[in-house]
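Close look at the chain arrangement
What follows is the residue order along each chain.
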Amino acid sequence: MNSLKLSSCMGNHTDSFCCAVTGYLEAELSIPTEYVNNISWQEREHLFDLELIQICWICGWPYAIKADRPDPKVELLVVPVPSGKRYAGRPIYFSDVVVRSASPYRTFSDLQGRRWAYNEPRSHSGYNLVRYYLSCASVEEGYFGRVVESGSHRRSLQMILDDRVDGSAIDSTVLDWEMWHYPEIRSEIRIIETLGPSPAPPWVVPTSLSLDVRAALQNILLNMHKTEGGRAVLAVGQIDRFVTARDEDYEVIRVMARVGQRISL
């Protein structure tokens, strides 16, 4: 293969990590490897679907949707194991329901009739998991007083900090990253509920990618944590290591989508 393109649909906070991984892969493979980040994540996903991007980091729900198509063109490559005690060395993450620390809200039920933000309607942690939670609680449509689509978890968090909304469900790894880089927000927010765990968003490749290249990529990523250079790259993304994943690992997301489909946020 003459060259490879890698991209992420996980938000701009992953750019520095993915750039570092791109450089690591290029050095290990001796194949020119480019990180695509000069377009929106929607365009990145579209290019992946067209097989013009060979490696992509996507949410587990879009992965399940793509894998369930009659002629699926996506394969799991690896899945990251986030750093931090709460992840217990497993490829999982959570959805943290966040409010301002100055607000009176202490439980999820306190947010009924209040202002709510979600990142986008194909997000598992920000949308699908919340619908599932509400459906299991047997609530009806219109649980929140006003609902806005923010466009990203980081924007949802900023809307909470700016008191433009009362709460949102934030990907725990995004929240970890924000509090790592901006520790001052720790005192400004409060987590009142944690949903999950859910299987971590996977790194995927198109089925058209040759088996040799796929095997080489997987081998490099799975062994990154064993080298000094690889550990340094993983640390940029607050990731311990990569592990393999199976399609059935994402069955829980499919179940949540079916249960929660009666509710629209």
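Residues numbered from 1 in each chain as written. Predicted model: local features only at pLDDT ≥ 70, side-chain atom pairs only at ≥ 80, totals over all residues. Heavy atoms only, no water.

1. Let's talk about the packing of helix H5 (residues 153–161) against helix H6 (residues 172–181)
At a minimum axis distance of 10 Å, the contact between H5 and H6 shows a crossing angle of 60 degrees. Judged by the angle between their axes, H5 and H6 are oblique. H5 and H6 meet at a crossing whose hand is right-handed. Along the contact surface, H5 presents His-153, Arg-154 and Leu-157, while H6 presents Val-174, Leu-175, Trp-177 and Glu-178. Of the residues that constitute the contact of H5 with H6, the class distribution is four nonpolar, one polar and two charged. (Axes fitted to C-alpha atoms, helices over the stretch in contact; angles between N-to-C directions. Helix = DSSP H or I, 4+ residues; strand = E, 2+ residues; numbered from the N terminus. Parallel < 35°, antiparallel > 145°, perpendicular 65-115°, else oblique. Left-handed = near helix turned anticlockwise from the far one by under 90°. Contact = heavy atoms within 4.5 Å. Nonpolar A, V, L, I, M, F, W, Y, C, P; charged D, E, K, R; others polar.)

2. A word on helix H3 (residues 60–67)
Among the eight residues that make up H3, seven are buried, leaving the element largely enclosed by the rest of the structure. Every buried residue of H3 is listed here: Gly-60, Trp-61, Pro-62, Tyr-63, Ala-64, Lys-66 and Ala-67. Residues of H3 that are buried make contact with helix H2 (41–49), strand E4 (74–82), helix H4 (124–136), strand E10 (203–206) and helix H9 (251–260). (Buried < 20%, exposed > 50% of the residue type's maximum accessible area, 1.4 Å probe, protein only.)

3. Some thoughts on the packing of aromatic side chains
Summed over all chains, the structure comprises 15 aromatic pairs. Pairing Phe-17 with Trp-57 gives two aromatic rings, centres 6.0 Å apart and planes at 70 degrees, and the pair type is edge-to-face. Residue Phe-17 is found in helix H1 (residues 15–29), and its partner Trp-57 is found in strand E3 (residues 55–57); the two are separated by 40 residues along the sequence. Across the pair, exposure class does not vary: Phe-17 and Trp-57 are buried alike. By way of ring pairs, the aromatic residues Phe-108, Trp-116, Tyr-133, Tyr-143 and Phe-144 are connected into one cluster. (Phe/Tyr/Trp six-rings, centres within 6.5 Å; stacked < 30°, edge-to-face > 60°.)

4. Some thoughts on the environment of Phe-108
Within the fold, Phe-108 resides in the loop between strand E5 (92–100) and strand E6 (115–118). Judged by relative accessible area, Phe-108 falls into the buried class, the value being 2%. Residues Phe-108 and Ser-30, 78 residues apart in the sequence, show an inter-C-alpha distance of 51 Å. The contacts of Phe-108, once residues within four sequence positions are left out, are Val-97, Trp-116, Val-130, Tyr-133, Leu-134, Tyr-143, Phe-144, Ile-192 and Glu-193.

5. Description of the layout of surface pockets
Size it by volume and the largest pocket reaches roughly 550 Å³. Lining of the largest pocket is provided by 30 residues; of these, Cys-9, Gly-11, Trp-41, Gly-151 and Ser-152 occupy positions nearest its centre. Among the elements of the structure, H2, H4 and H5 are those that each provide at least two residues to the lining of the largest pocket. Sorting elements by how many residues they give to the lining of the largest pocket places H2 first, with four residues. Across the lining of the largest pocket, the residue classes break down as nine nonpolar, 13 polar and eight charged. Space inside the second largest pocket adds up to approximately 270 Å³. (1 Å grid on protein atoms, 1.4 Å probe; cavity = no way out; pocket = protein on both sides within 12 Å on 5 of 7 lines; lining within 4 Å. Points joined across faces, edges and corners; volume = space filled by probe spheres on them.)

6. Notes on the pattern of salt bridges
Counted according to the given criterion, the structure contains 16 salt bridges. Residue Arg-44 pairs with Asp-15 through a salt bridge whose shortest N-O separation is 3.8 Å. On the criterion of sequence distance, the pair formed by Arg-44 in helix H2 and Asp-15 in helix H1 is long-range, its members being 29 residues apart. (Salt bridge = Lys/Arg side-chain N within 4 Å of Asp/Glu carboxyl O.)

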